[in-house]
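Residue strings, one per chain:
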Amino acid sequence: MPMQPTLDVSKAIEFGQLVNATYATAPSDLTNAAGQAVSAGGIGYVVITTIYANDLATDMNPGRADDEVSIGLICQVTQTGDVVIAIRGTEGILEWVHDAEFDLVPCPFLAGAGHTEDGFTAMYESLRTGTEPDSPTVVNALAKLAFPHPVASVTICGHSLGGALATLLALDVAANTAFTAPAVYTYASPRTGDSLFASTYDQVVSNSYRIANRLDIVTALPPPIDYQHVLSPYELNPVRLTPLPPKVLVNSTVPCEHSLATYLYLLSVQSGGPVLPLEPACKP
C-alpha cells in the first residue's frame, strides 16, 4: 500500500466543515451571502460572495444545465488575509454516476494541459460571482473582490462534483492569476481529466490533497481507461481493521459512502479529537 501523504487532519476537517456550510443554502436560493459570518473548525470567516453556476447536465436530466444554482462561497478569515473558496456538489452527481459516456474536451484555460470531462468543464466555465450572465468568473474576480484584508493565501476546497470544480479552479488560479500557490483540499472527487491534465496539475499545483473514501463509487469514476486522478491521494477506510474483529463504521450505501458528513466523521476518527456525527441513516 502506498504511503499516505502528510495531511494536517485538523485543517482538512476545518475546510470540509466550510464546504459543509455551503450545503445549508438551497441550490435554488440565489441570494448572495456576502457579509454573513461562517464558522468552521472554530475559525471565523466572513463571506465575500456566493459562487453561482449552471447545474450539471446528465444523460438522465440534460435540462439541469438550464438551472442556475448557488454552488459555493468565497470567504476570508475574519482576523487574517487567508481566503478560502468552498464549492459543494449537486444532486446531479448521482445521476452522472449512471451516465454511459464520459466525454473529454480540451482544457479551456491552459493550452497543452490535456483534456477534461465535458460536463465538469461546462459547469466550471459557468462559475460566476453574480447571477447575471456578464458577472465576472471566479478567476477574474479574485483580484477585484472587496476583501477586508490583503489576501495572504488562497485555499480551494470542494466535495463531490465540487471537488472536480475545485481541481479545475486550482489549476486555473495557479496558472493564470497572481495567486500561484493555492492549497487544495478535495473530498470525494471524481476523476477530472486525462493523464496529461493530471500530470500538468501535479506539476503546477503542488500543495494538493485528494481525500477519498475507498468505498465511495464516485471517486472511481470516470473509469481509468481515459481518465487519471490528480495527486495527492489520502485514503479513508470505513471499515476499522484493528483491533480484530473488523468493525464497519458506515452503512454501506452509495449516498452514505459519498456523504460529506461521512468524510468528516472518518477524518475525525483518525484525528483522535472529538468525533463528528454521521447522518442518522448512515450509522451501521
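Residues numbered from 1 in each chain as written. Predicted model: local features only at pLDDT ≥ 70, side-chain atom pairs only at ≥ 80, totals over all residues. Heavy atoms only, no water.

Novice: Any chance you could explain a nonpolar patch on the surface here in plain terms?
Specialist: Among the surface-exposed residues, Leu 94, Ile 217 and Val 254 lie close enough to one another that they form a single nonpolar patch of about 210 Å² accessible area. As for its placement among the helices and strands, Leu 94 is situated in helix α2 (residues 92-96). (Patch = residues over 30% accessible without salt bridge, like charges linked within 9 Å, V, L, I, M, F, W, Y side chains within 5 Å. Areas by Shrake-Rupley, 256 points an atom, 1.4 Å probe, with all protein chains shown as cover. Salt bridge = Lys/Arg side-chain N within 4 Å of Asp/Glu carboxyl O. Helix = DSSP H or I, 4+ residues; strand = E, 2+ residues; numbered from the N terminus.)

Novice: In this structure, what is going on with the environment of Leu 94? I would like to understand it.
Specialist: Owing to a relative accessible area of 31%, Leu 94 belongs among the partly exposed residues under this scheme. As for Leu 94 and Thr 167, which are separated by 73 residues in sequence, their C-alpha atoms are 19 Å apart. Leave out the neighbours within four places in its chain, and Leu 94 touches Val 218 and Val 254. (Buried < 20%, exposed > 50% of the residue type's maximum accessible area, 1.4 Å probe, protein only. Contact = heavy atoms within 4.5 Å.)

Novice: Would you mind going over helix α6 (residues 195-204) with me for this structure?
Specialist: Side chains of residues three or four places apart in an α-helix project in the same direction, reflecting 3.6 residues per turn. All of the buried residues along α6 are Phe 197, Ala 198, Thr 200 and Tyr 201. Along α6, the residues classed as buried sweep out an arc of 165 degrees about the axis, all on the same side. Contacts made by the buried residues of α6 are with β6 (115-117), α5 (161-176), β8 (183-187) and β9 (208-213). Looking at where α6 begins, the residue whose side-chain oxygen comes 3.3 Å from the main-chain nitrogen of Leu 196 is Asp 194. (Arc of directions from axis to C-beta. Polar contact = N/O pair within 3.5 Å; in protein donor to acceptor, adjacent residues only side chain to side chain.)

Novice: When you look at the sheet that holds β8 in this model, what are you seeing that I'm missing?
Specialist: Two strands in a sheet stick together by hydrogen bonds in their backbones, pointing the same way (parallel) or opposite ways (antiparallel). Within the open sheet, the eight strands sit side by side as β1-β2-β3-β4-β7-β8-β9-β10. Their pairing is mixed. Each edge of the open sheet carries a strand with a single partner, namely β1 (37-40) and β10 (233-236). For this sheet, the mean inter-axis angle between neighbouring strands, taken without regard to orientation, is 25 degrees. Of the strand pairs in this sheet, β1 and strand β2 (residues 43-54) are connected by four bridges, and their pairing is antiparallel. (Pairing = 2+ DSSP bridges. Axes fitted to C-alpha atoms, helices over the stretch in contact; angles between N-to-C directions.)

Novice: Help me understand the state of the cysteines in this model?
Specialist: What is meant by a disulfide is a covalent connection between two cysteines, made through their sulfur atoms. This structure, assessed with the given rule, holds one disulfide. Paired by a disulfide, Cys 256 and Cys 282 hold their sulfur atoms 2.1 Å apart. Measuring handedness by torsion sign, the sulfur bridge of Cys 256 and Cys 282 sits at about -90 degrees and is left-handed. Here Cys 256 is found in helix α7 (residues 254-258), whereas its partner Cys 282 is found in the segment after α8 (260-271), with 26 residues between them in sequence. The same class applies to Cys 256 and to Cys 282, which are both buried. Note on Cys 157: no disulfide assigned, nearest cysteine sulfur contributed by Cys 75 at a separation of 8.6 Å. Judged by relative accessible area, Cys 157 falls into the buried class, the value being 0%. (Disulfide = S-S within 2.5 Å.)

Novice: Can you help me understand the pairing of β10 in this one?
Specialist: For a regular strand, the rule is simple: side chains alternate between the two faces of the sheet. Residues Tyr 234 and Leu 236 point to one face of β10 and are all buried, whereas Pro 233 and Glu 235, pointing to the other face, are not buried. Pairing analysis gives four bridges linking β9 to β10, with the strands arranged parallel. Of the residues in β10, the one forming a bridge with Asn 213 is Leu 236.

Novice: In this structure, what is going on with unusual backbone geometry? I would like to understand it.
Specialist: The step from Thr 242 to Pro 243 runs through a cis peptide bond, and the omega angle for that step is -5 degrees. With respect to the secondary-structure elements, Pro 243 resides in the loop between β11 (239-240) and β12 (247-248). With phi around 65 degrees, Ala 188 is a residue other than glycine that occupies positive phi space. Along the chain, the position of Ala 188 falls in the loop between β8 and α6. For Ala 188, a relative accessible area of 0% puts it in the buried group.

Novice: What am I meant to see in the packing of aromatic side chains here?
Specialist: The relative placement of two aromatic rings is captured by the distance of their centres and the angle of their planes. Tallying each qualifying case throughout the model produces six aromatic pairs. Taking 6.4 Å as the distance between ring centres and 35 degrees as the angle between the ring planes, the aromatic pair formed by Phe 197 and Tyr 201 counts as tilted. Of this pair, Phe 197 and Tyr 201 are both found in helix α6, four residues apart, which corresponds to roughly one turn of the helix. Exposure class is identical for Phe 197 and Tyr 201. Each is buried. (Phe/Tyr/Trp six-rings, centres within 6.5 Å; stacked < 30°, edge-to-face > 60°.)

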